[in-house]
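Here are the chains, one letter per residue:
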Amino acid sequence: MKLSIIGLGKLGSPMAAVMAHKGNQVVGVDLNPAFVEAIQSGLPPVNEPGLPEMIQANRDRLTATLSYEEAILASDATFIIVPTPSGEDGRFSMRFVLSAAEKIGAALRKKSGWHLVVLSSTVMPGCTGGELLPALEEHSGKKAGVDFGLCYNPEFIALGSVIRDMLRPDMILIGESDARSGKILEDLYTAVCESNPRIQRMNFVNAELTKLSVNTFVTTKISYANMLAQVCDTLPGADVDVVTTAIGCDSRIGQKYLKGALGYGGPCFPRDNVAFSALARAHGVPALLAEATDALNRRQIPRLADAILARLPEGGTVGILGLSYKPDTEVIDESQGVGLARHLLGLGVRVMVYDPAAMQNTRAALNGSVEFASSAAECAGKSDVVAITTAWNEFKQLGAGAFKPGATVLDCWRILSRATLSAEMTVLYLGEGVPELPPIAVAR
Ligand SMILES: NC(=O)c1ccc[n+]([C@@H]2O[C@H](COP(=O)([O-])OP(=O)(O)OC[C@H]3O[C@@H](n4cnc5c(N)ncnc54)[C@H](O)[C@@H]3O)[C@@H](O)[C@H]2O)c1
């Protein structure tokens, strides 16, 4: 197909590359001239594993422009992947989507043939049909379902594996204005995906609700595992991994995202969960489960901080290894490592941090007295208590020699093997019941 993609950010750029990789002719549009220039030069606008190679290999099918009109006239279908930031009430803002709709509508007014518009940004239930559709009709002077088609088609991807997730999804979710529009999108994904995904077609509101519900369900699972881990922390002999591995063997439950460790972060999980609560409340429905999931998540940093402070010598330094919200990304939105640093700094604790990819973002987010190490080994070697907050592969290589003699390591993801570390060190796995060490000096 000939596709245009509005918004070349963390989701839009990989989408453009994947679509071009599978033989579609793609033109991207962004307000940011640097992103357009990057694509035009065969470079990735954002960091994502595999993206540079995929853009470079498909330059003949992938271009970008600042002009909506140029992109829409040159394509049969337009994906909107612009931000939908959360408001104070937890609901997603439609302002960027509606601004894009105005320009798409104006371009559609000049187009003679039928066109498909696909919204991939995350929106509140009711917004595709209630806000985007009328905006497109108003600005184009055309009728949805007749002169143009409209679909809501969110992506289920994790940063760091966006390309893999787009090529091999479990499900394709399509909310459609009419059967023709949904079928075109179904056929496109059938050709693009390598995993023969289940394709779920429905009306807009069910698709919007499904998108929020998937993430809300997964966050519930994570908070459940963390609740279990917290119980395990206090039970001598308990090991959350042993328990969750066994629980996950039940096919009603499954292993994925059932790991007691730290809270969830990133640009989607926390805000989708909060948006679900806001939606339920707005309709007079108690959102007890989603609210409990969020409350449990917010308790994870204080839980970890307490474990650290109980083991920190007076005036000691806490090392935080891992600032990105997950491995293989530089994104620090709602990251546990950054949240922990902020929490400890607020208590007057000396903090040193390191991350293989997220140092620059963290410098911008954490002003003040945090110390930035130049390597994992420097951070580990200069800290009295080290918390491993992101399971980067690089940290798995740390041996006994990297740590300060007598240091305590809180291995939140249980990635270090005690066997390879020195007997002088205390390695604590979060979620494992260990005989409680007497608190040394609590620097509160
Ligand atoms: N990043 C994720 O992990 C992820 C996962 C699932 C869903 N989403 C959703 O996808 C949407 C986009 O997220 P993202 O992470 O790619 O955002 P992003 O901020 O990384 O990228 C958005 C891009 O859109 C551009 N833009 C903004 N307004 C525009 C306009 N009117 N016209 C053209 N370009 C415009 C920005 O310049 C930016 O490059 C959001 O609704 C988000 O919730 C994101």
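Shown above is the structure to which this text applies.
Residues numbered from 1 in each chain as written. Predicted model: local features only at pLDDT ≥ 70, side-chain atom pairs only at ≥ 80, totals over all residues. Heavy atoms only, no water.

Undergrad: Can you walk me through the pairing of strand S1 (residues 2-6) in this structure?
TA: Regular strands place their side chains on alternate faces of the sheet. For S1, the buried fraction is high: 4 of the 5 residues fall into the buried class. Sheet analysis places S1 next to strand S2 (residues 25-29), joined by 5 bridges and oriented parallel. Residue pairing for S2: Ile-5 is matched across the bridge by Gly-28. Where S1 meets strand S4 (residues 77-80), 4 bridges bridge the pair, whose relative direction is parallel. Bridging across to S4, Ile-6 finds its partner in Ile-80. (Buried < 20%, exposed > 50% of the residue type's maximum accessible area, 1.4 Å probe, protein only. Helix = DSSP H or I, 4+ residues; strand = E, 2+ residues; numbered from the N terminus. Pairing = 2+ DSSP bridges.)

Undergrad: Explain the nonpolar core to me, please; I cannot follow it from the model alone.
TA: Nonpolar side chains tend to gather and get buried jointly when the protein is soluble and globular. In terms of nonpolar packing, the biggest core is built from 51 residues, with Leu-344 and Phe-403 touching the most fellow members. Here the element with the most residues in this core is helix H13 (residues 300-309); it accounts for 6 residues. Apart from residues no more than four positions distant in its own chain, Leu-344 is found in contact with Ala-305, Ile-308, Leu-309, Val-318, Ile-320, Val-349 and Val-351. Judged by nonpolar contacts, the second largest core, of 39 residues, contains Ile-5, Met-19, Val-26 and Ile-174. (Core = buried A, V, L, I, M, F, W, Y, C linked by side-chain atoms within 4.5 Å. Contact = heavy atoms within 4.5 Å.)

Undergrad: Can you help me understand the packing of helix H9 (residues 204-234) against helix H10 (residues 240-248) in this one?
TA: Think of two packed helices as two axes; the pair is described by the angle between the axes and how far apart they sit. Across the interface, H9 lies against H10 with an axial gap of 9 Å and an inter-helix angle of 140°. Classified by the angle their axes make, H9 and H10 are oblique. When the axes of H9 and H10 are compared, the crossing they make is right-handed. Contacts between H9 and H10 involve Ala-225, Leu-228, Ala-229 and Cys-232 on the former and, on the latter, Val-240, Val-243, Thr-244 and Ile-247. Looking at the contact of H9 with H10, its residues break down into 7 nonpolar, 1 polar and no charged. (Axes fitted to C-alpha atoms, helices over the stretch in contact; angles between N-to-C directions. Parallel < 35°, antiparallel > 145°, perpendicular 65-115°, else oblique. Left-handed = near helix turned anticlockwise from the far one by under 90°. Nonpolar A, V, L, I, M, F, W, Y, C, P; charged D, E, K, R; others polar.)

Undergrad: Please clarify how the packing of aromatic side chains should be interpreted in this entry.
TA: One pair of aromatic rings is described through two measures. These are the centre distance and the angle between the planes. Applying the stated criterion to the full structure yields 3 aromatic pairs. When the centroid spacing of 6.2 Å and the interplanar angle of 85° are considered together, the rings of Tyr-264 and Phe-269 count as edge-to-face. Neither residue differs from the other here; Tyr-264 and Phe-269 are each classed as buried. Ring centres of Tyr-354 and Phe-395 lie 6.4 Å apart, and the angle between their planes is 65°; this geometry places the pair in the edge-to-face category. With Tyr-354 in strand S10 (residues 350-354) and Phe-395 in helix H17 (residues 393-396), this pair connects stretches of sequence that are 41 residues apart. Three or more aromatic residues joined by ring pairs form one cluster here, namely Tyr-257, Tyr-264 and Phe-269. Its end group placed over the ring of Trp-114, Arg-180 keeps NZ or CZ at 3.8 Å from the ring centre. Lying across the ring of Phe-372, Arg-363 places its NZ or CZ 4.4 Å from the centre. (Phe/Tyr/Trp six-rings, centres within 6.5 Å; stacked < 30°, edge-to-face > 60°. Lys NZ or Arg CZ within 6 Å of the ring centre and 35° of its normal.)

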